[in-house]
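Summary of the model geometry
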Amino acid sequence: MDRYLLQRSLAALLTIWITTIAVSMLIHLVPGDPVQIMYAQSQGTTPEELEEVRQRLGLNEPLVVQYVQYMGRVLQGNLGTTIRGEQPVLELLLERLPNTLALAGAALLIACVIGLVSGFIAAYKRGSWLDTSLMTTAILGVSMPHFWLGLILLFFFAVRLQWFPVAGNGIENLVLPAVTLGVTNAAIIARLTRSSMIDVFDQDFIRTARAKGLPKAMVLYGHALRAGLVPIVTMIGLQFTYMMGGAIVVENVFGWNGVGRMAIQAIFQRDYPLIQGFILMFACIVVTVSLLMDVIYAWLDPRIRY
Amino acid sequence: MQQRVRNAMAIASAAGSHVDPVPDTQGRWYVFARNLHTVFSAATANRGAKLGFFLVLALIVVAIFAPLIAPYPADQMGAGMSLLPPNGDYWFGTDEFGRDIFSRVIYGARLTIQVGLIAVGISLTIGTITGLVAGYAGGWTERVLMRLVDVVFSFTETLIALAAVAVLGPSLTNAMIAVGVAAIPFYARVAYSVTLVERNRAYFDAAYVAGAGHLRLIFVHLLPNIVPPLIVVATLGVSSAVLAAAGLSFLGLGAQPPSPEWGAMLSAGRDYFTLAPWIMIYPGVAIMIVVLAFNLLGDGIREALDPRQKS
């Protein structure tokens, strides 16, 4: 078990390290002169000023030096300042991050409740009309673009019925985006739960439990659910990283003030320090969550502990 | 997408056992053709896959004959009054510039097919080669390649696509490249795991003993045998690619107005949708149908190839 966790942690560190390299070199991959592109929108920038920016960002140094300098700053918690407004990137990101986490967390809760329950029912009633209709709904859900579902929900519940405000950042504004993100992902979780539970129902120990006359409820909850939950837990970790990705789009539909919305604006404004900071932070969150899931998985499933 | 990979990897072994060792006399094209046949007969045996197959076929027909089907050119402003609700002349209504939404949705099918082909082409080609080479070579090549794939895999597709668009700049072409690149790890993992199975088969040893070179072993002997699971991943991959590219376009990072790309249409119609909900309904339904079609087809083929997944 220790060896397994050590391996996973090293892999996580490696991932983050490679990300820092990719992120610090991002600006050089931009076709053309990044400084000129960044400042294309501000009028009257002289060549001297551009040169000064280039100096300030250290773009004239050799790549290795640039990377070392970048890492030096990042390790001190300095992600640089934005091009527009010269605000500290880390502060900006941390200010908005709770909003994104709240959205992803609420969506995950909705997705898990709907997805696990309907997946379990579908597996238990395999082949019935209930199974068929649940799975038909699920494949429709998987195929639905969440930004579109978001627009439709916004139209009906905020504009027509006026149950929820159209924009803002209160708790009542969280409902529609969380439902949007949650429902599409519930479909994925339902499908995975179903196939995972069907695998378990087919196994010998379930047949044994049934054959020896255990009450149905005990077989279901004591045996099947416990075994079936193991792969589902890892999957839910993956779902969370998924949600973080989906949140970027959904935040933009609902004007929810999270990091995703800020990242999209940064891309439009070519604010590379902000984009770099966003990617690095996002990568760290995703890697941490998957590491956490590996730990939980190892703890749940004795077979992993080698 | 992650679930798909796991499923696809699960069928990797099943698909492997599905294809009998090939007598050398019948040749590689025979293997390839038989694998294709396996996949397609599998697909037609499944109800959902049949529906998906017909929807895909319909999409292709619509795309090819778009100029004949659409009553107006896609970007003809003032084809009607602006913001007309759906009626006999303008089936899906008109948008804020008086363009016929039905015609735009029809022309949008062409862009969607382009997105699917190009994005999946990129990820399928690079992913398959990476997985094949890693699985074939073993040792350090395998470790480095697959570790790299794992690193890319651990970011979400959305993040990679965003980073790629941030670097390349917003356009539909760049969005297709971004979406294609972001999906490479899925294909690489599947190709890799099937290659590991195939490498241990008798035909491979026979070819090796007969003195086949590296390239011949990889592309002539291994490649045709890893086709079925890759078809599953690629089919499901089209739906992911279409969704992701439409999402980028919706955010303004992909197709730019006045392109009749469906995601871009939704994005442009946002300001008017309280007045004219039809502007956003039809492009969204179009995306959903296409994604559903490829999901049904892919699921159907997968179920047929892997009896364990059958319900």
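What you see is a predicted model; the values in this text were computed from it and never measured.

Attention now moves to the overall build of chain B. Counting secondary structure elements, chain B contains 13 helices and zero strands. The N-to-C order of helical and strand elements in chain B reads α-α-α-α-α-α-α-α-α-α-α-α-α. Relative to its full complement of 311 residues, chain B shows a buried share of 58%. For chain B, contacts bridging at least 24 residues in sequence account for 72% of all contacts bridging at least 6. Of the roughly 12400 Å² of accessible surface on chain B, 67% is carried by carbon and sulfur atoms.

Another point: the overall build of chain A. Each helix and strand in chain A was counted, giving 12 helices and zero strands. Taken from the N to the C terminus, the helices and strands of chain A come in the order α-α-α-α-α-α-α-α-α-α-α-α. On the principal axes, the C-alpha backbone points of chain A span a range of 85 × 55 × 30 Å. Every one of the 306 residues in chain A was classed for burial, and the buried ones make up 50%. Sequence-distant contacts in chain A: of pairs separated by 6 or more residues, those separated by 24 or more amount to 74%. Accessible surface for chain A amounts to roughly 14500 Å². Of this, 65% is attributable to carbon and sulfur atoms. Each charge class in chain A can be summarised by its mean position, and for the 21 positive and 19 negative side chains these summaries are 17 Å apart.

Turning our attention to the domain arrangement of chain A. Domain assignment breaks chain A into domain 1 (16-75) and domain 2 (98-269). Here domain 1 of chain A and domain 2 of chain A have C-alpha centroids that lie 40 Å from each other.

A few words now on the UniProt feature "transmembrane region" (unreviewed entry) in chain B. All names here are of chain B. Within the UniProt annotation, "transmembrane region" (unreviewed entry) is assigned to residues 51-74, 113-136, 148-169, 175-194 and 275-297. As annotated, residues 113-136 comprises 100% helix and 0% strand, and the C-alpha atoms at either end are separated by 33 Å. Strand forms 0% of residues 175-194 and helix 100%; the C-alpha atoms that close the span are 29 Å apart.

Counting residues at the interface gives 50 residues for chain A and 45 residues for chain B. In total, chain A and chain B occlude about 4400 Å² of area from one another, counting both sides; carbon and sulfur atoms represent 73% of this. Three residues, Phe 147, Trp 148 and Leu 151 of chain A, lead the burial of chain A against chain B; their summed loss comes to 14% of the area buried on that side. At the surface where chain A touches chain B, the tally comes to one salt bridge. A salt bridge links Asp 299 of chain B to Arg 191 of chain A, with the nearest nitrogen and oxygen atoms 2.7 Å apart. Here chain A and chain B share six residue pairs in polar contact (both at pLDDT 80 or more) between them. Only helix H1 (2-29), helix H6 (129-143), helix H7 (146-160), helix H8 (175-201), helix H10 (216-254), helix H11 (259-269) and helix H12 (272-300) of chain A provide two or more residues apiece to the side of chain A that touches chain B.

To continue, consider the packing of helix H3 (residues 47-64) of chain B against helix H5 (residues 101-137) of chain B. Helix-helix packing: each pair is described by the crossing angle between the helix axes and the interaxial distance. Residues and elements named next belong to chain B. Remark: H3 packs on H5, axes separated minimally by 8 Å, with the N-to-C direction vectors making an angle of 115°. Judged by the inter-axis angle, H3 sits roughly perpendicular to H5. Relative to H5, the crossing made by H3 is left-handed. Side by side, H3 and H5 meet where Leu 59, Ile 60, Val 62, Ala 63 and Ile 64 of the first sit next to Ile 106, Ala 109, Arg 110 and Ile 113 of the second. Across the contact of H3 with H5, the residue classes tally to eight nonpolar, no polar and one charged.

Below, the discussion takes up a nonpolar patch on the surface. All names here are of chain B. Taken together, the side chains of Phe 40, Phe 53, Phe 54, Leu 57, Ile 60, Val 61, Ile 64, Phe 65, Leu 68 and Ile 69 define a hydrophobic patch exposed on the protein surface, amounting to about 930 Å² of accessible area. At the level of elements, H3 and helix H4 (66-69) are the ones that each hand at least two residues to the nonpolar patch. Element by element, the count of residues in the nonpolar patch is highest for H3, at six residues.

Let us look at the pattern of salt bridges. Any two side chains of opposite charge can pair if their charged atoms end up close together. All names here are of chain B. For the coordinates displayed, the defined rule picks out 11 salt bridges over all chains. Among the salt bridges present, the one from Asp 95 reaches Arg 104, with a minimum N-O distance of 3.9 Å. Notably, a salt bridge pairs Asp 150 with Arg 189, separated by 2.5 Å at the nearest N-O pair. Here Asp 150, found in helix H6 (residues 139-154), pairs with Arg 189, found in helix H8 (residues 172-199); they are 39 residues apart in sequence, far enough to count as distant.

What is expected of a backbone is that most residues other than glycine have negative phi and most peptide bonds are trans. Put simply, Pro 257 of chain B and Pro 258 of chain B share a cis peptide bond, and its omega is 5°. In this fold, Pro 258 of chain B is placed in the loop between helix H11 (227-250) and helix H12 (262-269). Not every positive phi belongs to a glycine, and Gln 162 of chain A is a case in point at roughly 55°. Here Gln 162 of chain A shows up in the loop between H7 and H8.

What follows deals with the environment of Met 265 of chain B. All names here are of chain B. Take Met 265: it is sitting in helix H12. When its relative accessible area of 8% is taken as the criterion, Met 265 is described as buried. In contact with Met 265, not counting residues within four places along its chain, are Ile 101, Arg 104, Val 105, Ser 259, Pro 260 and Pro 283.

Residues and elements named next belong to chain A. Counting through the fold element by element, Gly 77 comes out in the loop between helix H4 (63-75) and helix H5 (89-124). A relative accessible area of 37% means that Gly 77 is categorised as partly exposed. Residues Gly 77 and Ile 27 lie 50 residues apart in sequence; the distance between their C-alpha atoms is 20 Å.

Now for the UniProt feature "domain: ABC transmembrane type-1" (unreviewed entry) in chain A. When the UniProt feature table is mapped onto this chain, "domain: ABC transmembrane type-1" (unreviewed entry) is found at residues 97-297 of chain A. For residues 97-297 of chain A, helix accounts for 84% and strand for 0%, while the C-alpha atoms at its two ends are 27 Å apart.

What counts, and where the lines are drawn
Residues numbered from 1 in each chain as written. Chains lettered and ligands numbered in written order. Predicted model: local features only at pLDDT ≥ 70, side-chain atom pairs only at ≥ 80, totals over all residues. Heavy atoms only, no water. Helix = DSSP H or I, 4+ residues; strand = E, 2+ residues; numbered from the N terminus. Buried < 20%, exposed > 50% of the residue type's maximum accessible area, 1.4 Å probe, protein only. Contact = heavy atoms within 4.5 Å. Areas by Shrake-Rupley, 256 points an atom, 1.4 Å probe, with all protein chains shown as cover. Lys, Arg positive; Asp, Glu negative; His and termini not counted. Charge placed at Lys NZ, Arg CZ, Asp CG, Glu CD. Domains from an automatic or database assignment. UniProt positions renumbered as here; feature names shortened; annotations may be inferred. Buried area = accessible area lost by both parts, 1.4 Å probe. Salt bridge = Lys/Arg side-chain N within 4 Å of Asp/Glu carboxyl O. Polar contact = N/O pair within 3.5 Å; in protein donor to acceptor, adjacent residues only side chain to side chain. Axes fitted to C-alpha atoms, helices over the stretch in contact; angles between N-to-C directions. Parallel < 35°, antiparallel > 145°, perpendicular 65-115°, else oblique. Left-handed = near helix turned anticlockwise from the far one by under 90°. Nonpolar A, V, L, I, M, F, W, Y, C, P; charged D, E, K, R; others polar. Patch = residues over 30% accessible without salt bridge, like charges linked within 9 Å, V, L, I, M, F, W, Y side chains within 5 Å.

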